[in-house]
Structures are given as structure tokens and as C-alpha cells.
Amino acid sequence: MVQNRNKLINLFIGNVSNAVVHEILERAVSKEVMADRYRKELVTSLEIAKNYREKINPINRSLPDKDVAYIKEKIIARVKAEIMTRISKGYKNIDLNLIDSLTDKALRDSKIK
Amino acid sequence: MDQIYIPKNRAGFAIGNYVVIKQLEERQENPAEKLYFYGVKELEPVKLKIIHQVLELINKSISNYENIFITGSFLEKGFNFNDIDFLIIIKNKINHELIRRDIEKETGINAHIITLSSKELSRGLETDPLYQMMLSRCIAKKRFILKIKNKIDYKILDLHLLKSKTLINNFDMLSGKEKYDLARNLIVIYLYLKRNKINTDFVNKKIKEALGLSIQEIKDNIIDKKEFLKRYKLIYNKSFATILKGIEHGSKQE
């Protein structure tokens, strides 16, 4: 059961990380993505993360502080790694300050925090 | 018995005359209205009737559109579609929620309406292969000529590709339809990066070749997970590497 919970938390982390990376990159090219309404139909990482969240106990209230800190730390590390890969290739206009606030928002929206 | 009232003081209709009762406003099927088919070889008559019906509804609500396109799974053979996709090209922003509801009420089919200005459409067609695919099989209200100048924007493609990453870690959670949408997004980007011309038939053929499964098998979720993910990851990684290379090259030219 614990193993299953850890697996769900890891899947949750993966999806939120993807959603945060997407949001940061989207803001970096915001002027150019005006015509993306067609693709918005695709299932999003955040929707999937919310599905995993519904299976992680406690379901109806925030997770213990220890879990929240662990999840946040992992998400930030993954997002940084993804973003740094791009920056190392010369990607510009990326606001690294967004990582913390967008992660917090995602955790609040999915009632982890 | 129903009654019809006519004015007492009238010219004509003398007492005892035989008359014909006829509806003044009749629903016009408008057989003269011609639609333009692009990449659609055949369409079931009932679907064509629905399209005419819907276009009539849209005509009543909006008059200043530049064109209307019908795209998506509704144009595929058979009746395995989820909704009808409409792309309305219009200069001003409109609230299409009312039209959407009217269409659903009239036809019983979900309508998915996207409104874009012609400038937005051109930009989408230039930089987004999925737009090209969408218009490679469509029915248009007015004739149009697709002049696309492919402009590979690696940063935008990076953003689009990231959506398909979802499938890799969430295989068990996704439905067949969701898997198909994400796989199609991946393959379209992969082909576009290889400078291929994008159209529905070509993409469907390549999905089968690259992932080893027919569209229907993917949609029905009849998938060998290990084999499928192996192929999928390979294409994803190749595409991502090309994009990173493109970004790197682009940044050196700035």
C-alpha cells in the first residue's frame, strides 16, 4: 500500500513537473503561440496529475508537511533540469523565478498543499 | 380543429373561395449551395445534410465570416466520431457558445467551434503542422487556396512536443483516444521536422509504420505496451534532439 502511494506520488510529481515546464516555455514564447487552440484539446499533464492526486491519501485535505516538502523539492529539481537543458542550448527569455511560484500554484490547485 | 384568422376587410378571398394554405417561411434545403471538398473523397449523404443544416444555423447567427471549415473525425468514413469540428474564420472575436448550443439542439451532435482571424490561421499554418493536417482534409464553405510557407520555429515545436511526453509516463491511465491524439501529435511533429508535407493520409500511414499499430488499434487501446513505448520513446527522443539542435543553431545565429 505504501509502495503504491509512493508510486502515485512519483507519477504526480512527473506530471506536475511537465505542466510547470510547459507553462514556463509557453510564457517564453507567448507572442508566437496565439493559434494553438486546436491542440488545447489534448489531455494535459495537470489534468492527469489531478487524477493521481485523487488517489493519494489523505484525499480531502492537504498532505503532511513532510510529504509536501518532498514533492515540491522533487518537482523543482525536475523542472530545473528540463529548463537548464534548454538554456544550455541557447534558449533565451526563460524566467527561472517562475519555477517556485508555478509549483506552489500547482500544489495548491491539486490540494496537495 | 385549428383555425386561421384573416382580416375582415380584405382584397380577394371572397366568401366561398377555395384557397391553399401554405407556410410562408419554409426551411430551404438550398440545393444550389456548393461546398468545397479538400482531401475528402466521399461523405455519407446524411453527414452532408447535417453540414448543410449546421451551416444554415451559423449563417443565421454570423454574417461577416470569411470562411467556415468542417474538419476532424466527422469527415472520416463511418459514424465513429465524437463531435463536429468547425473552424470559423472571422475578423472579430465572437461568442460562439450560443451557436454551439443551437447546433447540439438541432442535430444532437457535439460541436467544437474554433474561431480564428485569417492572420491567426496563416500563422498557425506556417508554424504548426497540426493546423496543416487539419486543413488537408476538410470541407469549406468558400473556395480557398492553401499557400503554406513552412517556417520551422523550434521553440514552438518544443512546446507542442512536450504535450506528447504525457503518454510515456501515463500509459496505463490514458484511454485509446487520448493515446491516439498524443501519438498523432508526436508523429506530425516528427514528420514536420523532416520537412515532410503534412496531410491526414500520410500521417496515418506513418503512424502505422512508426508505431506498428493501426489507428483503430490505438484508438481501441489494443496495444502491446512494451513494444509501443519502445517505438514511441525512440521517436520522441529523436524529435526532441532535433529540436534542441535547432534551438542551439538558432541561438548562434541571433
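This is a predicted model, so every value here is computed, not measured.

Caption draft 1: Layout of the interface of chain A and chain B. Chain A puts 26 residues into the contact, and the matching count from chain B is 32 residues. Counting only elements with at least two residues in the side of chain A that touches chain B, the list comes to α1 (2-28) and α2 (45-53) of chain A. Top contributing element to the side of chain A that touches chain B by residue count: α1(A), with eight residues. Considering only residue class, the side of chain A that touches chain B consists of twelve nonpolar, seven polar and seven charged.

Caption draft 2: Expanded view of the sheet that holds strand β2 (residues 67-71) of chain B. Residue and element names in this part refer to chain B. The five strands are arranged β1-β5-β2-β3-β4 in an open sheet whose pairing can be described as mixed. Where the open sheet ends on each side, the last strands, each with one partner, are β1 (36-38) and β4 (110-116). Sheet twist, expressed as the mean angle between neighbouring strand axes with direction ignored, is 20°. Relative to strand β5 (residues 138-140), β2 runs antiparallel, the two sharing two bridges. If you follow Phe 69 over to β5, its bridge partner there is Ala 140.

Caption draft 3: Fine view of the nonpolar core. In terms of nonpolar packing, the biggest core is built from 78 residues, with Val20(A), Ile70(B), Ala183(B) and Val188(B) touching the most fellow members. For this core, the domains that each give at least three residues are domain 1 (36-140) and domain 2 (154-248) of chain B. Ala183(B) has contacts with Leu167(B), Ile207(B), Leu211(B), Ile218(B) and Tyr232(B), leaving out every residue within four places of it along the chain.

Caption draft 4: Structural detail: helix α7 (residues 176-193) of chain B. All names here are of chain B. Taking 1.5 Å per residue, 18 residues should reach 26 Å; α7 reaches 26 Å between its end C-alpha atoms and fits that length. Along α7, 15 of the 18 residues are buried, which leaves the element largely enclosed by surrounding structure. In the segment just after α7, Arg 195 is the residue with positive phi, at about 65°.

Caption draft 5: Structural detail: the domain arrangement of chain B. Residues and elements named next belong to chain B. Taken domain by domain, chain B consists of domain 1 (36-140) and domain 2 (154-248). Once you take the C-alpha centre of each, domain 1 and domain 2 turn out to be 25 Å apart. Ranked by the residues each element gives to the side of domain 1 that touches domain 2, the list is headed by helix α4 (residues 129-136), at five residues. Partitioned by chemical class, the residues of the side of domain 1 that touches domain 2 number three nonpolar, four polar and two charged.

Caption draft 6: Main features of the packing of helix α1 (residues 45-61) of chain B against helix α2 (residues 97-107) of chain B. All names here are of chain B. Running from N to C, α1 and α2 cross one another at 145°; their axes reach a closest spacing of 10 Å. Taken as a pair, α1 and α2 cross one another with a handedness that is right-handed. Across the interface between the two elements, Ile 50, Gln 53, Val 54, Leu 57, Ile 58 and Ser 61 of α1 pack against Leu 98, Ile 99, Asp 102, Ile 103, Glu 106 and Thr 107 of α2. Here the contact of α1 with α2 is built from residues that sort into seven nonpolar, three polar and two charged.

Caption draft 7: Geometry of the pairing of strand β3 (residues 83-89) of chain B. All names here are of chain B. Extensive coverage of β3 is indicated by the burial of five of its seven residues. Bridge analysis of β2 against β3 gives five bridges, and the strand direction is antiparallel. Considered in β3, the bridge of Asn 67 is made with Ile 89. Handedness of the crossover joining β3 and β4 through α2 is recorded here as right-handed.

Caption draft 8: Molecular detail of the pairing of β4(B). As paired elements, β3(B) and β4(B) share seven bridges and run parallel to each other. For Phe86(B), the partnering residue across the bridge sits in β4(B) and is Ile113(B).

Caption draft 9: Region of interest: unusual backbone geometry. With omega at -5°, the peptide bond leading from Asn57(A) into Pro58(A) counts as cis. A positive phi is found at Arg195(B), a non-glycine position, where the angle reads about 65°. By the secondary structure assignment, Arg195(B) is in the loop between α7 and α8 (200-211). Arg195(B) gets classed as exposed once you count the C-beta atoms within 10 Å, which come to 8. Here the phi dihedral of Asn221(B) falls at roughly 65°; this positive angle occurs in a residue that is not glycine. By secondary structure assignment, the location of Asn221(B) is in the loop between α9 (215-219) and α10 (225-253).

Here is what the cut-offs are and how they apply
Residues numbered from 1 in each chain as written. Chains lettered and ligands numbered in written order. Predicted model: local features only at pLDDT ≥ 70, side-chain atom pairs only at ≥ 80, totals over all residues. Contact = placed C-beta atoms within 7 Å. Helix = DSSP H or I, 4+ residues; strand = E, 2+ residues; numbered from the N terminus. Nonpolar A, V, L, I, M, F, W, Y, C, P; charged D, E, K, R; others polar. Pairing = 2+ DSSP bridges. Axes fitted to C-alpha atoms, helices over the stretch in contact; angles between N-to-C directions. Core = buried A, V, L, I, M, F, W, Y, C linked by C-beta atoms within 7 Å. Buried ≥ 20, exposed ≤ 12 C-beta atoms within 10 Å, placed from the backbone. Domains from an automatic or database assignment. Expected span 1.5 Å × (residues − 1). Left-handed = near helix turned anticlockwise from the far one by under 90°. Right-handed = clockwise from strand over helix to strand, strands pointing away.

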